[in-house]
Amino acid sequence: MYNPTVARLTYRALLGRRRALILFLLPGMLLLIAAAVRAFNGADDQVAADVLGGFALATMVPLIGVIAGTGAIGPEIDDGSIVYLLAKPVKRSSIIFTKLIVAVAVTMVFSAVPTFVAGFILNGNGQQVAVAYTVAALVASIAYSALFLLLGTVSRHAVVIGLVYALVWEALFGSLIAGARTLSVQQWALALAQKVTGDGLVTSEVGLPTAIVLLAGVTVAATWFAGHKLGRLTLAGEE
């Protein structure tokens, strides 16, 4: 299923100069915020959880997911260059699977790793806060990558729609409106973080078994639909 050639081309597209700059910007901001909070506030477990939950998981992870997920395939469909890939003797399901793996890897590296480092800066991993939010960032990276990869295959405005979802639904509605929280990848990921800390520092509106089922279900469904959509594209780039 995994195709090294497709992976290499996708990595090259995602880590080009412009996208790489954006990818490094958000983790850099998180680390600066963590250092400033630690300098002015000292080591505080609740503050550390608030920073990692409020910025890292609610904002940084979904935004990086938008960049990696939509960027893995959206630009190729938009400019028509996808036809050259479709003309090759490569299964379209393999193309989607490979691009998903690349998007997940990029999202994890640029979100989970800085989340872990920021957690240690904030409170030295007191109460397992750094580990908890790193686990949450890792699982959220998978779901976000699948969702935004699907979005990149079905819409020419994938980035705009993805940004609206990340900034409005996840960061705003998902944090403030009770009904929206149960339909938020952020809340599903928080259920795992809550399990790791286990002391009330982290709370989720969704139970752990439900969160696991929803994370797995959304990832599998989004990947399948993305493969289905790509399978219906002709070499002219139209269904």
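First, a word on scope: everything that follows refers to the structure included in this document. Every value quoted in this text rests on a predicted model; they were computed, and no experiment measured them.

Turning our attention to the packing of helix α3 (residues 45-71) against helix α6 (residues 92-123). Two elements in contact, α3 and α6, have axes whose closest approach is 10 Å; the angle formed by their N-to-C orientations is 165°. Taken together, the axis directions place α3 and α6 in an arrangement best described as roughly antiparallel. Where α3 crosses over α6, the two elements pack in a sense that is right-handed. Together, D45, A48, V51, L52, A56, M60, V61, I64, G65, A68 and G69 of α3 and A103, V106, T107, F110, S111, P114, T115, A118, G119, L122 and N123 of α6 make up the contact between the two elements. Class assignment for the residues of the contact of α3 with α6 results in 14 nonpolar, seven polar and one charged.

In this structure, the largest pocket occupies an estimated 320 Å³ of space. Contributing to the lining of the largest pocket are 19 residues, with R19, V66, I67, T70 and V159 lying nearest its centre. Broken down by secondary-structure element, the contributors of at least two residues to the lining of the largest pocket are α2 (17-41), α3, α4 (74-79) and α8 (158-176). Its residues assigned to classes, the lining of the largest pocket comprises 10 nonpolar, five polar and four charged.

Of the residues making up helix α1 (residues 4-14), those classed as buried are V6, A7, T10 and L14. On an axial view of α1, the arc spanned by its buried residues comes to 100°, and they lie on one face. For α1, exposure combined with an orientation more than 90 degrees from the buried face picks out P4 and R12. The N-cap of α1, judged by a side-chain oxygen 3.0 Å from the amide nitrogen of T5 a few residues on, is N3.

Positive phi values are uncommon outside glycine, yet N125 reaches one of about 65°. A positive phi angle, close to 60°, is found at Q128, a residue other than glycine. Following the sequence through the fold, Q128 ends up in the loop between α6 and α7 (129-154).

This part is about a nonpolar patch on the surface. Together, V159, V160, L163, V164, L167 and V168 give the surface a local cluster of nonpolar side chains, amounting to about 460 Å² of exposed area. Within the element layout of this structure, V168 appears in helix α8. When its relative accessible area of 33% is taken as the criterion, V168 is described as partly exposed.

So, how was this worked out
- Residues numbered from 1 in each chain as written.
- Predicted model: local features only at pLDDT ≥ 70, side-chain atom pairs only at ≥ 80, totals over all residues.
- Heavy atoms only, no water.
- Axes fitted to C-alpha atoms, helices over the stretch in contact; angles between N-to-C directions.
- Helix = DSSP H or I, 4+ residues; strand = E, 2+ residues; numbered from the N terminus.
- Parallel < 35°, antiparallel > 145°, perpendicular 65-115°, else oblique.
- Left-handed = near helix turned anticlockwise from the far one by under 90°.
- Contact = heavy atoms within 4.5 Å.
- Nonpolar A, V, L, I, M, F, W, Y, C, P; charged D, E, K, R; others polar.
- 1 Å grid on protein atoms, 1.4 Å probe; cavity = no way out; pocket = protein on both sides within 12 Å on 5 of 7 lines; lining within 4 Å.
- Points joined across faces, edges and corners; volume = space filled by probe spheres on them.
- Buried < 20%, exposed > 50% of the residue type's maximum accessible area, 1.4 Å probe, protein only.
- Arc of directions from axis to C-beta.
- Polar contact = N/O pair within 3.5 Å; in protein donor to acceptor, adjacent residues only side chain to side chain.
- Patch = residues over 30% accessible without salt bridge, like charges linked within 9 Å, V, L, I, M, F, W, Y side chains within 5 Å.
- Areas by Shrake-Rupley, 256 points an atom, 1.4 Å probe, with all protein chains shown as cover.
- Salt bridge = Lys/Arg side-chain N within 4 Å of Asp/Glu carboxyl O.

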